[in-house]
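Examination of the molecular architecture
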Amino acid sequence: MKTILALETSCDETAVAILRGRDDHSGPELLASEVASQIAEHEKYGGIVPEIASRNHLLYAPRLLNRTAKASKIDLSDIDTFAATSGPGLASSLMVGASIAKGLAIGFGKPYLAINHLEGHLLSPFFSGANGEAGIRPNVSLIVSGGHTMLVRVHALCDYQVIGRTVDDAAGEAFDKVAKMLGLAYPGGPEIEKLARDGDPNRFNLPRSMLGSENFSFSGLKTAVRYLLPKIRVIPNESEGSRNRSVDQRGPMRDQSSCERSFAFAQDDKLLIDLCASFQQAIIDVLVTKTIAAAQKYDVDLMTVSGGVSCNQELRRQLHEACSRNGFEFKNAEPSLCTDNAAMIAFAALLRLQAGFESQVTEEIDPNLVLA
Ligand code: KG4
Ligand code: ZN
């Protein structure tokens, strides 16, 4: 019965989790999992500032270590293995979590495990499953987050083949950038999903790019929304940045330029919700079409989805439906395991440990770490 403590600090979320494997090969027991978000700290700069992120990791990580140890009634000396995300991500952020895990491993004389953030996402749909490593059945896996959009062929634990990835924006990045254009708060995905719920997904005809390829492209869709806005008399919020956060969270129709935007939205109260629904449906169509095509091509019977965008209920529903229609089993992770968290890192570490893996404490972080 191994107890793992994992840290996740790849970007702007500080997370710590303690997970215990069970001897009877049933799913592991999550003893504690804490996530500290830094959205508020970066907001005024309009994007993630790496130095602020790493300073905050240094501030939050010790607090979360105490909180998770207390909540799980575990003394850190009773932890069997310390794990941390070692990439991909921001170098100065990764370094904080990895250094703490290495320090604890050295201090308590326990093993250290370096975990790929993408493997954490990829394995998260199996979190509650039984049989550890053997439970990771061959599947086609869709990872959709703010930084990544990827199709991966999973043969077994640690045996992965990337079959497609985005050539420009990630799906979550497209949600965030379009939300920003519409004056919505960061992160944009949940904001757009909320508004899209009552909207008409067929009102605006937006592009579905590269449907014949296994790679993805979402920047054309984002540009199509930008060109559409003036035509429907909405002035886009022009500054975009990378993974931008909206500086003002009071929702659309606020600043000077938004007078006309609010005028257009006020004239047609369905405009905003229909636009959100049409945009969301364009993303979902692309994700569903390519994932089903890949599952058919590689002849698997299981399809999984993970990452922050997979919190989207409509995406989950449509993927599930398409899988049922085409005879594939479908697995997703519960929402708290979809956005960045340390429980998924602890789970990947537990499976790797059971499979005999261990890392050297001299192993460096790698901001560009690849999955395969
Ligand atoms: O996995 P994650 O927490 O971080 C990365 O590894 O990037 O994903 C964050 C992304 C953001 O872009 C956010 O807008 C998106 O996930 N997201 C959603 C939803 N919830 C989060 N996108 C669409 N619908 C949602 N409900
Ligand atoms: Zn992530």
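Residues numbered from 1 in each chain as written. Chains lettered and ligands numbered in written order. Predicted model: local features only at pLDDT ≥ 70, side-chain atom pairs only at ≥ 80, totals over all residues. Heavy atoms only, no water.

Here we look at helix α7 (residues 219-231)
The condition that has to hold: Counting from the N terminus, the helices are DSSP H or I runs at least four residues long and the strands are E runs at least two residues long. Given a helix with a known number of residues, its expected span is that number minus one, times 1.5 Å. The buried label goes to any residue with under 20% of its type's maximum accessible area, the exposed label to any with over 50%, and the partly exposed label to all in between, with areas taken from a 1.4 Å probe on protein chains only. In this context, the arc is that of the directions from the helix axis out to the C-beta atoms. Here a residue-residue contact requires only that any non-hydrogen atoms of the pair lie within 4.5 Å.
Given a rise of 1.5 Å per residue, 13 residues ought to cover 18 Å, and the 19 Å separating the end C-alpha atoms of α7 matches this to within 8%. Every buried residue belonging to α7 is among L221, K222, V225, R226, L228 and L229, and all of these are buried. Projected down its long axis, α7 carries its buried residues within an arc of 165°, all on one side. In α7, those exposed residues whose orientation departs by more than 90 degrees from the buried face are Y227, P230 and K231. Each element contacted by the buried residues of α7 is listed here: α5 (171-181) and α9 (271-297). Once α7 ends, the next one or two residues include R233, with phi positive near 65°.

A look at the pattern of salt bridges
The line we're drawing: For this document, the term salt bridge refers to a Lys or Arg side-chain nitrogen within 4 Å of an Asp or Glu carboxyl oxygen.
Applying the stated rule across the entire model yields 15 salt bridges. With a shortest N-O distance of 3.0 Å, K222 and D169 are connected by a salt bridge. Taken together, the residues span a long stretch of sequence, with K222 in helix α7 and D169 in the loop between β8 (159-165) and α5 at a distance of 53 residues. There is no split in this pair, since K222 and D169 are both buried. Across the pair D285 and R208 runs a salt bridge whose closest N-O atoms are separated by 2.8 Å. Taken together, the residues span a long stretch of sequence, with D285 in helix α9 and R208 in the loop between α6 (188-196) and α7 at a distance of 77 residues. Given a relative accessible area of 27%, R208 falls into the partly exposed group.

Quick look at the environment of A69
With respect to the helices and strands, the residue A69 is situated in helix α2 (residues 50-72). Accessibility expressed as a relative area gives 12% for A69, which makes it buried. Beyond its immediate stretch of four places on either side in the chain, A69 contacts I18, I74 and L76.

Observations regarding the site of ligand 1
Convention followed: To be near a molecule or strand, a residue needs just one of its heavy atoms within 4 Å of it. Between N or O atoms, a polar contact is any pair within 3.5 Å; within protein, one atom must be a potential hydrogen donor and the other a potential acceptor, and residues adjacent in sequence are included only when both atoms are from side chains. Ten residue types, Ala, Val, Leu, Ile, Met, Phe, Trp, Tyr, Cys and Pro, are classed as nonpolar, four, Asp, Glu, Lys and Arg, as charged, and the remainder, Gly among them, as polar.
The immediate surroundings of ligand 1 are formed by 22 residues, with G146, D176, E193, G308 and D340 found nearest. With respect to ligand 1, the backbone of G172 contributes an N or O atom lying 3.2 Å from an oxygen atom. Per-element accounting of the shell around ligand 1 gives the leading share, 4 residues, to α6. Tallied by class, the residues present in the shell around ligand 1 amount to 6 nonpolar, 12 polar and 4 charged.

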